[in-house]
Each structure stands twice: as structure tokens, then as C-alpha cells.
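Take a look at the letters that make up each chain.
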Amino acid sequence: MTIFEAIRKDHDKQRELCRMLTSTSGESKGRKQMWEDLKKELQIHADAEERTFYSPLIHNDMMQQHARHGIAEHHEMDELIEKIDETEMDSPAWLVYAKQLCEKVEHHLEDEEHTFFQLAGKVFTEKQKTEIATAYQKEMKANR
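What this report covers is the structure whose coordinates are included nearby. Quick caveat, the model's predicted, so the values are computed rather than measured.

The next subject is the side chain of T24. Tracing the backbone through its elements, the reader meets T24 in the loop between helix 1 (3-21) and helix 2 (31-57). With a relative accessible area of 7%, T24 lands in the buried category. In this structure the side chain of T24 is engaged in a polar contact, spanning 2.7 Å, whose partner is the backbone oxygen of L21. Reaching out from T24, the side chain makes a polar contact with the side chain of R31 at a distance of 2.8 Å. With residues near it in sequence (within four places) discarded, T24 still touches R31, M34 and L95.

This is the structure:
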């Protein structure tokens, strides 16, 4: 498995968690658990991705700006997560913020899958693609 396949698998999980969460209402059963699941998934994914995938790319001239942009988007998501955590879950604002987060997540995933992966694919060797995938998966497993 390459790093791109490993990350895309987790992206699909994030998309599904967002879809489920944004279809809830204030009194929906399971909203709190869905939120905790999404929040944890986004946090461990960002950490693992930055450590294993972005880190080697940030030193490459062609990829530095893209890696920095991806890390900045992770930070923006962290700020939205804090805002959501500070809002009462049954407040109408909570769902507005959750939808904003999921829109940001979707934008980020699209950027990575349609631009970042293609460029990174030219930087990494085939061996690096599988080694980084192994490191990424190990990091994800350790924090799940």
C-alpha cells in the first residue's frame, strides 16, 4: 500500500463521519459520540500526516508551499474544532459550525487528493511511498 492509498482510506472515513454528523439535529441520538469520533479521527490523522507525509515534503522546493498550506488548513480545522467544543451541542450554531468544519475538511481532502498527491508522487520513490505508508499507518494505529 502506498501513502496515497493509506491517506485516501482515512479520508473516506472522515467524509462518512462528516456526512453522518451533519445529518443530525440537536436532539439526535448519538450526536455526541459522532462528534467525538470525528474530532479524534481528524486530530490523529492531521498529526500522523504532518509527521510522516508533510515532514519530508516540506524540505522539497516544489512541495514546500503545498505542505505549508496543508498544515495551515489543519490549524484552521483545529480552531473550528475548538469553536464547536465551546458551543452548546443543542444550539443551532453548533450545527452551523460543524458544517463549516466539514466543508473545510472536504476542501482539504480535495486539495490533497487532486493536487498534492500528484505532485508528491513525483517527489517520492516507490520505496518511499510504501515506507511512508507504513510509518503513517503505525502512527494512526498507535493513536486510535
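Taking 1.5 Å as the rise per residue, helix 5 (residues 126-143) with 18 residues should run 26 Å; its terminal C-alpha atoms sit 26 Å apart, in good agreement. Of the positions making up helix 5, those classed as buried are K129, I132, A133, Y136 and M140. Around the axis of helix 5, the buried residues are gathered within 110° of arc, so they sit on the same side. More than 90 degrees from the buried face of helix 5, the exposed residues found are K127, T134, K138, K141 and A142. For helix 5, the secondary structure elements touched by its buried residues are helix 1, helix 2 and helix 4 (92-123).

All right, on to the packing of helix 1 against helix 4 then. Axis separation between helix 1 and helix 4 bottoms out at 10 Å; the angle between their running directions is 160°. Relative to helix 4, the element helix 1 lies roughly antiparallel. Helix 4 is crossed by helix 1, and the crossing has left-handed handedness. Class assignment of the residues belonging to the contact of helix 1 with helix 4 gives a composition of twelve nonpolar, three polar and six charged.

On to the pattern of salt bridges. Tallied over the full model, the rule gives 15 salt bridges. Where D12 meets R15, a salt bridge forms, and the shortest distance between an N and an O atom there is 3.4 Å. One end of the pair is D12 and the other is R15, both in helix 1 and three residues apart, which spans about a single turn. Notably, a salt bridge pairs E126 with K129, separated by 2.9 Å at the nearest N-O pair.

The rules behind the values
Here the residue numbering is sequential within each chain, running from 1 through the sequence in written order. Totals for whole chains, interfaces and linings use all residues, but because this is a predicted model, local features are given only for residues with pLDDT of at least 70 and pairs of side-chain atoms are given and counted only at 80 or more. Processing note: side-chain calculations cover all non-hydrogen atoms of the structure and skip hydrogens and water entirely. Segments assigned H or I by DSSP are reported as helices when at least four residues long, segments assigned E as strands when at least two residues long, and all are numbered from the N terminus. Exposure categories follow from relative accessible area, calculated using a 1.4 Å probe and restricted to protein chains: below 20% of the type maximum is buried, above 50% is exposed, and the middle band is partly exposed. Polar contacts, as counted here, are pairs of nitrogen or oxygen atoms within 3.5 Å of one another; within protein the pair requires one atom able to donate a hydrogen and one able to accept it, and residues that are adjacent in sequence qualify only if both atoms are side-chain atoms. The contact criterion used throughout is that any non-hydrogen atoms of two residues lie within 4.5 Å. Working rule for helices: expected span equals 1.5 Å times residues minus one. Here, the arc refers to the directions that run from the helix axis to the C-beta atoms. What counts as an axis is a line fitted to C-alpha atoms, over the stretch in contact for a helix, and the angles between N-to-C directions run from 0 to 180 degrees. Roughly parallel covers angles under 35 degrees, roughly antiparallel covers those over 145, roughly perpendicular covers 65 to 115, and oblique covers all other angles. Left-handed describes a crossing whose near helix is turned anticlockwise from the far helix through less than a right angle; right-handed describes the clockwise counterpart. Lys, Arg, Asp and Glu make up the charged group, whereas Ala, Val, Leu, Ile, Met, Phe, Trp, Tyr, Cys and Pro make up the nonpolar group; the residues left over, Gly among them, are polar. Salt bridge, as used here: a side-chain nitrogen of Lys or Arg that lies within 4 Å of a carboxyl oxygen of Asp or Glu.

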